Amino acid sequence: MRVLVIEDEEKMADMLKRGLEEEGMEVTLAYDGDQGLAAGKSAGYDLIILDIGLPGRDGLEVAAELRASGVNTPLLMLTAHDATDMKVRGLDSGADDYLTKPFAFAELLARLRALQRRLKTDDTTRLQISDLILNLITRRVTRAGIEVQLTNKEFALLEYFMRHPDEILSRETLSEKVWDETFDTLTNVIDVYINYLRNKIDRNFEPKLIHTVRGVGYTFKTPSNESRLMTETRA
Ligand code: CA
């Protein structure tokens, strides 16, 4: 397990290095944004821990640059204050999770384990289609940078849609995969939940992502595939 720690405060950086090495991880330190960005781009790390406040390029810029250049390594961001705005900006820049300083080392390890678990089962920490982003670690959902509050069931439904873009999904399929129940009992429930979800992620945004396929079910359409599914009509 190779970890890149980008942190300008030497004390903090050394503490992280020692602690993570005790856990059997191999740790590389970078003390500023430019150095961190170069390291993150060049080598195959399993995890990146990134401080927001850095000299030169700050953590937000580093995260955005890494993501823009195709580096998908799980990224935990460290923020100095418990400022919601900074956390939101961190997640929007491409971080998978964040931790506010000061933190207990045990909590850092717990977060890293959660990131790893997700990777082992799935390789994905974030799903993105168009400007809709679903973070599987924090369970935060944003459309065009605006946070959307979903219930657990809405989240599960959206996750299923985003994992099967451009497929025509019948109500039977959705009831089995998302509700784990047979179709008969759920036919109306599904339509009701689709409506809830539409109101939250589509209603005030363009392009629309959830489309009704008449007589069949629904499809979650990536905008680039606009022309592929000719049979659908929007409810
Ligand atoms: Ca700092």
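Source: prediction; values computed, not measured.

Thresholds, definitions, all that
Throughout this document, residue positions are counted from 1 along each chain, in the order its sequence is written. Thresholds applied to this predicted model are a pLDDT of at least 70 for local features of residues and 80 or more for the giving and counting of side-chain atom pairs; totals over whole chains, interfaces and linings are not thresholded and use all residues. Hydrogens and water are ignored here; the side-chain numbers use all heavy atoms of the structure. Secondary structure counts use DSSP, requiring at least four H or I residues in a row for a helix and at least two E residues in a row for a strand, with both numbered from the N terminus. The buried label applies to any residue whose accessible area, calculated with a 1.4 Å probe on protein chains only, is under 20% of its type's maximum; exposed applies above 50%, and partly exposed to all values in between. Sodium, potassium and calcium take a 3.2 Å donor cutoff, other metals 2.8 Å, and in both cases only N, O and S atoms count; water is not among them, so sites may look incomplete. By definition, two strands form a pair when at least two bridges between them are found by DSSP. Lines fitted to the C-alpha atoms define the axes, with helices restricted to the stretch that makes contact. Angles between their N-to-C directions range from 0 to 180 degrees. Residues count as neighbours in contact if any of their non-hydrogen atoms are within 4.5 Å of one another. To estimate the expected span of a helix, count its residues, drop one, and scale the result by 1.5 Å. What the arc describes is the spread of directions from the helix axis to the C-beta atoms. Any carboxyl oxygen of Asp or Glu that lies within 4 Å of a side-chain nitrogen of Lys or Arg is treated as forming a salt bridge with it. Crossovers are described as right-handed under a simple rule: with the strands pointing away from the observer, the path leading from the first strand over the helix to the second runs clockwise. Two rings from Phe, Tyr or Trp (for Trp, the six-membered ring) form a pair when their centres are within 6.5 Å of each other. A pair whose planes differ by under 30 degrees is stacked, one over 60 is edge-to-face, and the rest are tilted.

Account for the overall build of the protein, naming residues and giving values.
Looking only at helices and strands, one finds 8 helices and 12 strands in the protein. Expressed as a percentage of the 235 residues in the protein, the buried residues total 48%.

Please set out the coordination of the calcium ion residue by residue, giving values where relevant.
For the calcium ion, the full set of protein donor atoms is Asp8 (OD), Glu9 (OE), Asp51 (OD) and Gly53 (O), and the range of their distances to it is 2.1 to 2.9 Å. Taken in sequence order, the residues that donate to the calcium ion follow the motif D-E-x41-D-x1-G. With glutamate 9 in the loop between β1 (2–6) and α1 (10–22) and aspartate 51 in strand β3 (residues 47–51), the pair connects residues that are 42 residues apart, well separated along the chain. Taking relative accessible area as the criterion, glutamate 9 reaches 39% and is therefore assigned partly exposed. A relative accessible area of 2% means that aspartate 51 is categorised as buried.

Lay out the sheet that holds strand β2 (residues 26–30) in plain terms, naming residues and giving numbers.
Across the sheet, which stays open at both edges, the 5 strands sit in the order β2-β1-β3-β4-β5 with parallel pairing between neighbours. Edge positions in the sheet fall to β2 and β5 (97–100), since each has one partner strand and no second. Ignoring which end each strand starts from, the neighbouring axes of this sheet average 20 degrees apart. Sheet strands touched by helix α2 (residues 33–42): β1, β2 and β3. Its angle to β1, the strand with the most contacts, is close to 160 degrees.

Please set out unusual backbone geometry residue by residue, giving values where relevant.
Residue proline 102 is bonded to the preceding lysine 101 through a cis peptide linkage, with omega at -5 degrees. Positionally, proline 102 belongs in the loop between β5 and α5 (105–121). Each neighbour pair has its own omega, and for glutamate 206 with proline 207 the value is -10 degrees, a cis peptide bond. Within the secondary structure, proline 207 is located in the loop between α8 (187–201) and β11 (210–213). Backbone geometry places arginine 139, a non-glycine residue, at a positive phi of 60 degrees. Secondary-structure assignment places arginine 139 in the loop between β7 (132–135) and β8 (141–143). With relative accessibility at 42%, the residue arginine 139 sits in the partly exposed group.

So what about α1? Which residues, and what values?
For α1, built from 13 residues, the straight-helix expectation of 18 Å at 1.5 Å per residue is met to within 8% by its first-to-last C-alpha distance of 18 Å. Of the positions making up α1, those classed as buried are Met12, Ala13, Leu16, Gly19 and Leu20. Along α1, the residues classed as buried sweep out an arc of 140 degrees about the axis, all on the same side. Residues of α1 that are exposed and angled more than 90 degrees away from the buried face: Glu10, Lys11, Arg18 and Glu22. A positive phi of about 90 degrees marks glycine 24, the residue just after α1.

Got a sec to walk through the pattern of salt bridges? Specific residues and values, please.
A complete count under the given rule lists 19 salt bridges for this structure. Across the pair glutamate 107 and arginine 111 runs a salt bridge, and its minimum N-O distance is 2.8 Å. On the criterion of helical spacing, the pair formed by glutamate 107 and arginine 111 is a turn pair, its members being 4 residues apart in helix α5. Residue arginine 111 is classed as partly exposed on the basis of its relative accessible area of 21%. Note that arginine 143 and aspartate 131 form a salt bridge whose closest N and O atoms lie 2.7 Å from each other.

Just give me the short version of the pairing of strand β4 (residues 75–79), but keep the residues and values in it.
Counting buried positions along β4 yields 5 of 5 residues, so the element is predominantly enclosed. Burial of β4 is two-sided: the residues Leu75, Met77 and Thr79 facing one way and the residues Leu76 and Leu78 facing the other way are all buried. The pairing of β3 with β4 spans 4 bridges and is classified as parallel. Across the sheet, residue isoleucine 48 finds its bridge partner in β4, namely leucine 75. Handedness of the crossover joining β3 and β4 through helix α3 (residues 59–68): right-handed.

Lay out the packing of aromatic side chains with the relevant residues and their values.
With the rule as written, the count across this model stands at 3 aromatic pairs. Relative to phenylalanine 220, the ring of phenylalanine 161 lies with its centre 5.7 Å away and its plane at 25 degrees, an arrangement referred to as stacked. Residue phenylalanine 161 is located in helix α6 (residues 152–163), and its partner phenylalanine 220 is located in strand β12 (residues 217–220); the two are separated by 59 residues in the primary sequence. With relative accessibility at 0%, the residue phenylalanine 220 sits in the buried group. Note on tryptophan 179 and tyrosine 193: the rings are 5.4 Å apart at their centroids and 70 degrees apart in plane angle, and the pair reads as edge-to-face.

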